[in-house]
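Survey of secondary and tertiary structure
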Amino acid sequence: MSDKEIILSTRKINESTPPFIIAEIGNNHNGDINIAKELIKVAKECEVDAVKFQSKDVDSMPKELRDKPYEHENSFGKTYREHKEFLELSSKELKELKNYSEKLGLIFFSTPFDIKSADMLEKLGQEIYKISSFHLNDIELIEHVCSFKKPIIISTGMSTIEEITKSVNLLKKNKAKFILLQCTSSYPCDPKDINLKVIEEYRKKFDCLVGYSGHETTANIAPSTVLLGSCCIERHFTLDRSMKGPDHASSLEPDGMRILVKRSKLLFEAMGNPQKQVLSSELKNRKKFRGY
C-alpha cells in the first residue's frame, strides 16, 4: 500500500478516489445525544462519508482557561469549565453514537483535545484520528496518537509553515499515514482569508495527501478544492445555523451539505483523465464534421 493511500473500513482515500467528506458535528449536538443522532441521520442522507465529534477532558485544560468567565449568548455555563462540561459526551454516549453511525454505513471518529481523551477514543475503537489546528504544535499529543498506528488527519489553521513542517516531519518520523488540511481558524471565515492555493503548495512541499477544512458560510467554495488535489473535505455541520452554540453560525445546514457533496463528486468526475484523446462520445460528431 502506498504512503499516499489510507484504507478505512468503507473507503479508500487517495488522489484517485472521490473526496472523503466529513460532516464535522463537533459540539453542535449541544450536549444532547438525541440531537447528535439526528445530526448523524441527516448527515447520512446528505451522503457524506464520515461524521466527526470532539472530545475533551475538562480537567486536562489549563486552569486559567477552565476558570475563565464565559457568559455570552452562545455559552452553556458561567465559566469555560461549566460550558465544556455541559457539551461533553460520555464515553458510553460516544460508543452508542459510533454504533449508530456504523449501522448507517458511516465512519465515526472524534478529535481528542488531550491524551486522556485520545486513550478513551482508542478504547472505543475508532479507526482514524484528527489533530485539530489548536493542537498542531502539541508534540506530546501527536506522538501519543501516532503510537496507535492509525491514520491521522491534521488541520493547519493559525500555524506558520515552520510549525507545520515540524509536525509533518514528526508524522513522517513515526511513519504515520496522514492527510494535511488547509484551514483558516476564524469563525465564520471571510472568503478572502481562505487561501486555497496553499493546498497546491502543501502537495509540492510535503508530498502527502492534502485536503480542506473550512469555516465559511457558503457551500460553494469547498468543492472547488477538488480541482487543486484535495482528497478530503471537512465542514462543520448543523441542523440549524441559528441554534445556540459557538460553532453553528460557521456550519453548513443540510441543504448546504447536500450541495457540497454533490458538487465535490461532480467536479472530481469532471477532472477525468489528463491524457488528451478522442472519446467515444465524440466519434459521432467527428465523423459528421470531419468525415472520419
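Residues numbered from 1 in each chain as written. Predicted model: local features only at pLDDT ≥ 70, side-chain atom pairs only at ≥ 80, totals over all residues. Heavy atoms only, no water.

1. Considering the sheet that holds strand β8 (residues 178-183)
Spatially, the eight strands line up as an open sheet ordered β5-β4-β3-β10-β9-β8-β7-β6, and their pairing is parallel. Each end of this open sheet is capped by a strand with a single partner; those strands are β5 (107-112) and β6 (129-131). On average, each strand axis in the sheet is inclined to that of its neighbour by 25°, with strand direction left out of account. Pairing geometry for strand β3 (residues 20-26) and strand β10 (residues 232-236), over five bridges, is parallel. Note on β10: the bridge partner recorded for glutamate 24 is histidine 236. Of the strands in this sheet, β4 (50-55) and β5 are in contact with helix α4 (residues 91-103), which crosses β5 at around 145°. Packing against the sheet, helix α5 (residues 115-124) makes contact with β4, β5 and β6, and its axis sits at approximately 165° to β5. (Pairing = 2+ DSSP bridges. Helix = DSSP H or I, 4+ residues; strand = E, 2+ residues; numbered from the N terminus. Axes fitted to C-alpha atoms, helices over the stretch in contact; angles between N-to-C directions. Contact = heavy atoms within 4.5 Å.)

2. Remarks on the layout of surface pockets
Within this model, the largest pocket holds a volume of roughly 600 Å³. For the lining of the largest pocket, the elements supplying multiple residues, two or more each, are β4, α3 (80-87) and β10. For the lining of the largest pocket, the element with the most residues is α3, which contributes three residues. For the lining of the largest pocket, the residue count by class is 10 nonpolar, 12 polar and eight charged. (1 Å grid on protein atoms, 1.4 Å probe; cavity = no way out; pocket = protein on both sides within 12 Å on 5 of 7 lines; lining within 4 Å. Points joined across faces, edges and corners; volume = space filled by probe spheres on them. Nonpolar A, V, L, I, M, F, W, Y, C, P; charged D, E, K, R; others polar.)

3. Focus on the packing of α4 against α5
Two elements in contact, α4 and α5, have axes separated by 10 Å at closest approach and are oriented at 40°. Relative to α5, the element α4 lies oblique. As for how α4 packs across α5, the hand of that crossing is right-handed. Along its contact with α4, which presents Ser91, Leu94, Lys95 and Lys98, the element α5 presents Met120, Leu121 and Leu124. A per-class count over the contact of α4 with α5 returns four nonpolar, one polar and two charged. (Parallel < 35°, antiparallel > 145°, perpendicular 65-115°, else oblique. Left-handed = near helix turned anticlockwise from the far one by under 90°.)

4. Focus: the packing of α5 against helix α6 (residues 139-146)
Packing of α5 against α6 brings their axes to within 10 Å, and their N-to-C directions diverge by 15°. As the angle between them shows, α5 and α6 are arranged roughly parallel. Judged by the twist between their axes, the crossing of α5 over α6 is right-handed. Facing Ile115, Ala118 and Asp119 of α5, the residues of α6 in contact are Glu140, Leu141, His144 and Val145. Residues of the contact of α5 with α6, tallied by class, amount to four nonpolar, one polar and two charged.

5. A few points about the nonpolar core
Val48, Val51, Phe53 and Ile152 are the most contacted members of the largest nonpolar core, which has 59 residues in total. It is helix α1 (residues 33-45) that provides the largest number of residues to this core, a total of six residues. Residue contacts for valine 48: discarding those within four places in its chain leaves Ile21, Ala23, Ala43, Leu106, Met257 and Val261. Core analysis: the second largest hydrophobic core is formed by 15 residues, Leu8, Ile107, Ile179 and Leu209 among them. (Core = buried A, V, L, I, M, F, W, Y, C linked by side-chain atoms within 4.5 Å. Buried < 20%, exposed > 50% of the residue type's maximum accessible area, 1.4 Å probe, protein only.)

6. Comments concerning the packing of aromatic side chains
Tallied over the entire structure, the rule returns six aromatic pairs. A centroid spacing of 4.8 Å and a plane angle of 5° characterise the contact between phenylalanine 76 and phenylalanine 86, whose relative ring orientation is stacked. You can see phenylalanine 76 sitting in the loop between α2 (63-66) and α3 and its partner phenylalanine 86 sitting in helix α3, a full 10 residues away along the chain. With 5.9 Å between their ring centres and 50° between their planes, tyrosine 202 and phenylalanine 206 make a pair best called tilted. Here tyrosine 202 pairs with phenylalanine 206, and both are found in helix α8 (residues 197-206), just four residues apart, close to one helical turn. A relative accessible area of 4% places tyrosine 202 in the buried class. Among the residues examined, phenylalanine 206 registers a relative accessible area of 4% and is labelled buried. Against the face of tyrosine 100 rests lysine 37, its NZ or CZ located 5.7 Å from the ring centre. Directly above the aromatic system of phenylalanine 76 lies the positively charged group of lysine 244, at a separation of 4.7 Å from the ring centroid. (Phe/Tyr/Trp six-rings, centres within 6.5 Å; stacked < 30°, edge-to-face > 60°. Lys NZ or Arg CZ within 6 Å of the ring centre and 35° of its normal.)

7. So, the pairing of strand β9 (residues 209-214)
When you tally the buried positions in β9, you get six out of six residues, the bulk of the element. What you see with β9 is no split at all: Leu209, Gly211 and Ser213 on one side and Val210, Tyr212 and Gly214 on the other are buried throughout. Relative to β9, β8 is paired through five bridges, and the arrangement is parallel. What sits directly across from glutamine 182, in β9, is tyrosine 212. Handedness of the crossover joining β8 and β9 through α8 is recorded here as right-handed. (Right-handed = clockwise from strand over helix to strand, strands pointing away.)

Geometry only, nothing functional implied.
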